[in-house]
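Tertiary structure, described
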Amino acid sequence: MKAIAVILLALVGTLIINGPIQSYADPQLDALLQIATQARDNLKVNISQISNVSDEIKNLFKQGSDETDALSNAIDKKDVASARKHFLSAMNFFKSTNEKINSLGTTQANNQQTPDVSQLQDDITRIEKLGETLKTIAITNHATFDFTQFDQLIQKAKQDLDNGNTNEVSKLIEQTNQILTNAHHSLTEVAKQRTSDRIKDFAAKQIQRLDQAGNNTQNNVMQTPKISSTDKTSSNFTFPENQKDMSAKLKKLVSEGKVDEALKEIKPLKKH
Amino acid sequence: MSQEYQVTEVQPVLPEGMIFVRINCILTTMVRAPVIAACFLLLALSSFVQYAIGTPKVLDFTIYSEGITHVFYQTDTDPQSPDSILNLYGNSIENLVVQDENGTLLSSKVDGNIATVETLGAATIKADYDTPDLISKNGKTWTFQVNSTVDYSVLLPKNSVIVGMSVSPLNLQTVDDQSLISLPSGSSEINYIIGVLGTSQTATVAIQKAQDFINTINSTGVQTPMALTKLQEARADFNQGKFSDAESLANTAKSLALQEQQTFNSVPNTSSNNFTIYLLIGIIIAASAAGFIIMKRTNSKSRSSNTVTLNETPKNRYVAPDKETIYKLKPELRQDDKDIVAFISEKGGQVFESELRKKFLMPRTTMWRAVKRLEREDVIDIEKVDQQNLIKLKKIEEDNK
């Protein structure tokens, strides 16, 4: 009976310890194949655009392609370790292939295919997200900053982008960037201004904690009179007297408005 | 009672599918039930504990196509501590905002890649910032590199294709046409390129749209020879892998088809008007050819202008201040701004912004901000030359002789 209970507990213990590790250890194998296949397809297009492809590039690409096939086979067999190995090997070959293609300096045709429109679109998305973050922070922190112009400029930038007016979009992006810089600056100032209030609250909590700890220590000292003298001197803050002193000092500093000095006094306390 | 149980025990054959359980076994099992229940309880509790222990930190990287990475980091802090040290990814940090668990904005000081946050009782901090330092570019290949102590996720730009990866990902999802990869802690490198397959797809769509449009017009009895010729050219370019050109030609074919339709509808079919149609077509062709030549010339001019313009700029009229003078006058300049000043100084006091981007491998917007910063500091002037920004160190004018 006891033995079975122990075995059961041991099994449960093993499940608890190994459960999450197991679930993390198995990557989604389809993801590996998807990434490797995309890389292969893309490099195939790239290589097809080069007039005289060197044997080195061909070999590297072929090895990467073979490793991708091996990865596919490993996935079919549910062989996780082998799949990972083939994935890393395939990606390594593809990386080398890509580097060799880059070194040919024949990628100018491809470079021009990177559309500016896409970059501008991405830039607008980034700025819009940043704007949303700052707006949320401004609302939460009751900070007043007018984002109306920002919203208008973003809308105009989107319209101009749809109309293909990329030069105008670039200008609008710079303007929105400037507004966000101002908003960020304004919010940073708000945070600084409110820091002193937060320090006061924090100091009050620390004073309360010190008072509470002082009372507890005093009770403990009264209940355990065998405490050694060396233990007493080992810490400055195990003494209720010192804690009371510190508490009183902090109270005084806060009441005098010297919150920064109070904070300086609190910082070393954390070490104890 | 026990005798009755004995009788059931000796029953010879049970119907198929029935399990015989002795009553004393049931009793034993009932005694064990609390143990099993305790085990299940432990398992259930363990999942909560693992969740609590396993998810104190969140680290997300969002990569944008111009090379900027947005970092979101969330971690637990000691509520008794007045401040907290945050290691940032990258040295050039922009738009840093730190909030606590309630969304209260926290004050922070950044020194290099370390931020000291005045947490003042916060139990959790959430940091958002942008950095260009995690991305580098070689040719058309972008590389994202990071060394993290926790598992993290990376959201790649739209139309990006991974061509190299140093670690095995934990997961891959597609979110709004973007790849979201989960990666394990440690050092990792992702190489990706933007636009090749995407442009192929957009070119295919453009050709298809043009073809459909031309077919519709042709079905009404309107002939579109020019549009069809242009569409054939688009197909030829597509087959050669010139996706961008193919897309452009397909769009032109569509426009030509529309023009041909309008011409057909607006003009009666007489011999004299045929002449007008041919004249119009001739004008369109001539205009297209002229536009093409002008574009070609503009492109070649702009390509060479980096060197030619710089060489041709009369420098005897200006004396660009040397970098040491600027450093003395502006001691508060950031180190990376000083590097830019040094480079401009080495280049004779003026360079194109594109040269700066190439030299410092900075994304367009980051470099633009740096340039604007220097302009605000009165260190440089920005001039538009051939639709490019020419950056000049503020010159000490000599006599304009």
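Conventions we followed
- Residues numbered from 1 in each chain as written.
- Chains lettered and ligands numbered in written order.
- Predicted model: local features only at pLDDT ≥ 70, side-chain atom pairs only at ≥ 80, totals over all residues.
- Heavy atoms only, no water.
- Helix = DSSP H or I, 4+ residues; strand = E, 2+ residues; numbered from the N terminus.
- Buried < 20%, exposed > 50% of the residue type's maximum accessible area, 1.4 Å probe, protein only.
- Contact = heavy atoms within 4.5 Å.
- Areas by Shrake-Rupley, 256 points an atom, 1.4 Å probe, with all protein chains shown as cover.
- pLDDT = per-residue confidence, 0-100.
- Axes fitted to C-alpha atoms, helices over the stretch in contact; angles between N-to-C directions.
- Parallel < 35°, antiparallel > 145°, perpendicular 65-115°, else oblique.
- Left-handed = near helix turned anticlockwise from the far one by under 90°.
- Nonpolar A, V, L, I, M, F, W, Y, C, P; charged D, E, K, R; others polar.
- Pairing = 2+ DSSP bridges.
- 1 Å grid on protein atoms, 1.4 Å probe; cavity = no way out; pocket = protein on both sides within 12 Å on 5 of 7 lines; lining within 4 Å.
- Points joined across faces, edges and corners; volume = space filled by probe spheres on them.
- Phe/Tyr/Trp six-rings, centres within 6.5 Å; stacked < 30°, edge-to-face > 60°.
- Expected span 1.5 Å × (residues − 1).
- Arc of directions from axis to C-beta.
- Salt bridge = Lys/Arg side-chain N within 4 Å of Asp/Glu carboxyl O.

Here we look at the overall build of chain B
- When helices and strands are tallied, chain B shows ten helices and 20 strands.
- Counting the 401 residues in chain B, one finds 41% classified as buried.
- Counting contacts in chain B only where the partners sit at least 6 residues apart, residues at least 24 apart contribute 64% of the total.
- Accessible surface, chain B as shown: approximately 21900 Å² in total, 55% of it carbon and sulfur.

Digging into the overall build of chain A
- Scanning chain A from terminus to terminus reveals eleven helices and zero strands.
- Helices and strands in chain A line up, N terminus first, as α-α-α-α-α-α-α-α-α-α-α.
- Among the 272 residues that make up chain A, the fraction classed as buried is 36%.
- Counting contacts in chain A only where the partners sit at least 6 residues apart, residues at least 24 apart contribute 70% of the total.
- Carbon and sulfur atoms provide 51% of the accessible area of chain A, an area that totals close to 15900 Å².

Things to note about the confidence of the model for chain B
Residues and elements named next belong to chain B.
- Looking at chain B, the pLDDT average stands at 76 and 73% of residues meet or exceed 70.
- By mean pLDDT, the top-scoring element of chain B is strand β11 (residues 152-155) (93), and the lowest-scoring one is helix α1 (residues 2-9) (45).
- Counting contacts from residues 302-316, a segment whose pLDDT is below 50, to residues more than four positions away or on other chains yields 22 contacts.
- The model gives residues 397-401 a pLDDT under 50, and that stretch makes four contacts with residues more than four places away or in other chains.

Side note on the packing of helix α2 (residues 29-48) of chain A against helix α4 (residues 80-104) of chain A
Residue and element names in this part refer to chain A.
- Orientation of α2 relative to α4, taken along the N-to-C sense of each, is 20°, at an axis distance of 10 Å. Taken as axis vectors, α2 and α4 run roughly parallel relative to one another. Crossing hand, α2 versus α4: left-handed. Of the residues in α4, those touching α2 at L29, L32, I35, A36, A39, R40, L43, N46 and I47 are V80, A83, R84, F87, M91, F94, T97, N98 and I101.
- When grouped by side-chain class, the residues that make up the contact of α2 with α4 number 13 nonpolar, three polar and two charged.

Brief notes about the sheet that holds strand β17 (residues 350-352) of chain B
Residues and elements named next belong to chain B.
- The strand order across the open sheet built from three strands is β17-β19-β18, with neighbouring strands paired in antiparallel fashion. Each edge of the open sheet is held by one strand with a lone partner, namely β17 and β18 (380-385). Neighbouring strand axes in the sheet, compared pairwise and without regard to direction, differ in orientation by 25° on average.
- The pairing of β18 with strand β19 (residues 388-393) spans six bridges and is antiparallel. Opposite E383, over in β19, you have L390 as the bridge partner.
- Running over the sheet, helix α8 (residues 335-346) touches β17, β18 and β19 and is turned about 90° from β19.
- Relative to the sheet, helix α10 (residues 364-376) contacts β18 and β19, its axis offset from that of β18 by approximately 125°.

Quick look at the layout of surface pockets
- Considering only enclosed or pocket space, the second largest pocket measures out at about 1400 Å³ in volume.
- Counting residues per element, the ones that place at least two in the lining of the second largest pocket are α8 (166-223) of chain A together with β4 (94-100), β5 (105-106), β6 (108-111), α8 and α10 of chain B.
- In terms of residue count, the dominant contributor to the lining of the second largest pocket is α8 of chain A (14 residues).
- For the lining of the second largest pocket, the per-class residue count stands at 18 nonpolar, 14 polar and eleven charged.

A look at the packing of aromatic side chains
- Scanning the model with the defined rule gives seven aromatic pairs over all chains in all.
- Taken together through their ring pairs, the aromatic side chains of F61, Y89, F144 and Y152 of chain B make up a single cluster.

Describing helix α7 (residues 148-162) of chain A
All names here are of chain A.
- For α7, built from 15 residues, the straight-helix expectation of 21 Å at 1.5 Å per residue is met to within 8% by its first-to-last C-alpha distance of 21 Å.
- Taken as a whole, α7 has its buried residues at F150, L153, I154, A157, D160 and L161. All buried residues of α7 lie within an arc of 125° about the axis, which places them on one face of the element. Set apart from the buried face of α7 by more than 90 degrees, the exposed residues are Q152, Q159 and D162.
- Residue G164 follows α7 closely and has a positive phi angle near 80°.

Things to note about the sheet that holds strand β3 (residues 84-87) of chain B
All names here are of chain B.
- Read across the sheet, three strands follow the order β3-β7-β6 without closing on themselves; strand pairing throughout is antiparallel. Every interior strand has two partners, whereas the edge strands, β3 and β6, have only one. Across the sheet, the mean angle separating the axes of adjacent strands is 20° when strand polarity is ignored.
- Direction of pairing for β3 relative to strand β7 (residues 114-117): antiparallel, over a ladder of four bridges. Its bridge partner being in β7, L86 is matched across the sheet by A115.

Section: the pattern of salt bridges
- On inspection of all chains with the given rule, the structure shows 20 salt bridges over all chains.
- Of the charged contacts in the structure, one is a salt bridge between R126 of chain A and E66 of chain B, with a shortest N-O distance of 3.2 Å. Within this pair, whereas R126 of chain A is found in helix α6 (residues 116-140), its partner E66 of chain B is found in the loop between β1 (58-63) and β2 (69-76), the two belonging to separate chains.
- On the accessibility criterion, R126 of chain A (2% relative accessible area) is buried.
- On the accessibility criterion, E66 of chain B (4% relative accessible area) is buried.
- Taken together, the shared-partner salt bridges in this structure form one network comprising D123 and R126 of chain A together with E66 and D130 of chain B.

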